[in-house]
Amino acid sequence: LDNGLALTPPMGWLSWERFRCNVDCKNDPDNCISERLYMKMADLMVTEGFKDAGYEYVNIDDCWPSMERDSEGRLVADPLRFPSGIKALAHYVHSKGLKLGIYEDFGSKTCAGYPGSEFYMETDAKTFASWDVDMVKFDGCNSDPKDMPYGYPVMEHFLNMTGRPILFLCQWPGYLVGKGVKSNYALIAKSCNLWRNFGDVTDSWPSVLGIVDYYGNNHGNFSYFAKPGAWNDPDMLVVGDFGLSYYQQQAQFGMWALFAAPLMMSVDLRSVTPEAKAILLNKNIIAINQDPLGNQAVRLFEVPGSISVWVKKLALPKPGTVAIGILNKDDAGVPVKYKTSFQDLGFTNKGGYSVTEAFENKPMGSFALSQAFTISVDPTSLFMMIAQPRP
Ligand SMILES: OC[C@@H]1[C@H](O)[C@H](O)[C@@H](O)CN1C(=S)Nc1ccc(F)cc1
């Protein structure tokens, strides 16, 4: 969507995967969906260095509103859980130099059964702008997927008419998967700054691999529609949660960097471990994700159940630079040894490449174009290197 926003993939924090629809503030005040939770996470994004690393959105998801709209048909935040209101919360988040995201749904109700935006899109767009909200995630539950190619552009129009720059996250293509309705990615990229095109991530390695496979298969060639202002969204990061091993957390972070995905953490920043924090703050990997060229990685090939090789073109530190990821899905004990050369990978720079391992920023030396080299990739891990063309 050409609204001047998201020129690089958005970065931030989103409550859903880690906090879900916990509305029991009476018995669980520290973890329920409330203004206190978002204010706390905003505070920690600043004090723990996430803001400095580029994370800027603090996003509310489902379950925030009252079950009833007001007499003017406007959405109202739950008064017990958001007593100050969304506008005050937005101002608090802005006072920290961050941005606030909110959630609604194209249908009659949200996925969790809260009031949806159907028949209220103009009202809701105006309400969000009046609250100084910076991003809207527009879900697709309880709606007819056939209406989405008409409805999502209309919501974008209403948001645009408010005159406030608001990042628009569409769930549109994700609801067309398996419905026999082909996604029109040209129209989607014209109407949305980012779009979820597959199922919800959960806190598990199989869930992450399912998304990786979908992106590798690239049905409808959606990866070619990624560009500044328009991004494929493989859903949240679960780095720092419970289900992934250290190396699997590193692998998700690296793969999302290669996807040019929004980097939306869904983690309790009050208890994130130093290891998980180091992954989330890895400057080298964030630079791959935020590269100004806005190219999304494609999978060159895959050995089923074993390694797959992914390439993302970069503009920095100089044109011709590429990030190369080698993902090993194999969980049978020993590392997989992968022998190749830049020529075998389809590269052509006559001077060869100088290579750095990306996670630890360790120089690997220079390789002539046809020079063979072997990479050892540990089980359920990602090896990531940056290759710069040599003159
Ligand atoms: O309720 C909101 C929640 C989150 O916003 C996700 O990111 C969205 O993809 C939608 N969503 C959920 S749980 N959607 C959903 C997930 C599984 C299901 F069987 C029915 C609905």
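In this text, all values refer to a predicted model and were calculated from it rather than measured experimentally. (Residues numbered from 1 in each chain as written. Predicted model: local features only at pLDDT ≥ 70, side-chain atom pairs only at ≥ 80, totals over all residues. Heavy atoms only, no water.)

(A) Broad picture of the sheet that holds strand β9 (residues 298-302). The strand order β9-β10-β11-β16-β13-β14 describes an open sheet built from six strands, whose pairing is antiparallel. Each end of this open sheet is capped by a strand with a single partner; those strands are β9 and β14 (362-367). Averaged over all neighbouring strand pairs, the angle between strand axes comes to 25 degrees, with direction disregarded. Pairing between β9 and strand β10 (residues 307-313): four bridges, direction antiparallel. (Pairing = 2+ DSSP bridges. Helix = DSSP H or I, 4+ residues; strand = E, 2+ residues; numbered from the N terminus. Axes fitted to C-alpha atoms, helices over the stretch in contact; angles between N-to-C directions.)

(B) Here's a closer look at helix α9 (residues 246-258). Taking 1.5 Å per residue as the helical rise, α9 with its 13 residues ought to reach 18 Å, and the 19 Å between its terminal C-alpha atoms agrees with that figure. Counting buried residues in α9 gives eleven out of 13 residues, a clear majority hidden from the surface. Note on α9: the residue one or two positions beyond its end, Ala260, has a positive phi of about 55 degrees. (Expected span 1.5 Å × (residues − 1). Buried < 20%, exposed > 50% of the residue type's maximum accessible area, 1.4 Å probe, protein only.)

(C) The side chain of Gln249, seen in detail. You can see Gln249 is positioned in helix α9. Among the polar contacts made by the side chain of Gln249, one reaches the main-chain amide nitrogen of Gly240 at a distance of 2.8 Å. Residues in contact with Gln249, not counting those within four places in the same chain, are Val239, Gly240, Leu244, Ala276 and Ile279. (Polar contact = N/O pair within 3.5 Å; in protein donor to acceptor, adjacent residues only side chain to side chain. Contact = heavy atoms within 4.5 Å.)

(D) Looking closely at the packing of helix α5 (residues 121-130) against helix α6 (residues 148-161). Relative to each other, α5 and α6 sit at 40 degrees, their axes nearing to 8 Å. Regarding the angle of α5 to α6, the classification is oblique. Considering how the two elements wind past one another, α5 and α6 form a crossing that is right-handed. Residues Met121, Glu122 and Ala125 of α5 form the contact with α6, whose own contacting residues are Gly151, Val154, Met155, Phe158 and Leu159. Each residue belonging to the contact of α5 with α6 can be placed in one class, and the counts come to six nonpolar, one polar and one charged. (Parallel < 35°, antiparallel > 145°, perpendicular 65-115°, else oblique. Left-handed = near helix turned anticlockwise from the far one by under 90°. Nonpolar A, V, L, I, M, F, W, Y, C, P; charged D, E, K, R; others polar.)

(E) Spatial organisation of the sheet that holds strand β2 (residues 57-59). An order of β7-β6-β5-β4-β3-β2-β1-β8 is seen for the eight strands of this open sheet, with the pairing classed as parallel. Looking along the sheet, the strands with just one partner apiece sit at the ends: β7 (231-233) and β8 (263-265). Across the sheet, the axes of successive neighbouring strands diverge by a mean angle of 25 degrees, strand direction being ignored. Bridge analysis of strand β1 (residues 11-14) against β8 gives three bridges, and the strand direction is parallel. Paired with Trp13 across the bridge in β8 is Met265.

Without other data, these values stay purely geometric and don't point to any function.
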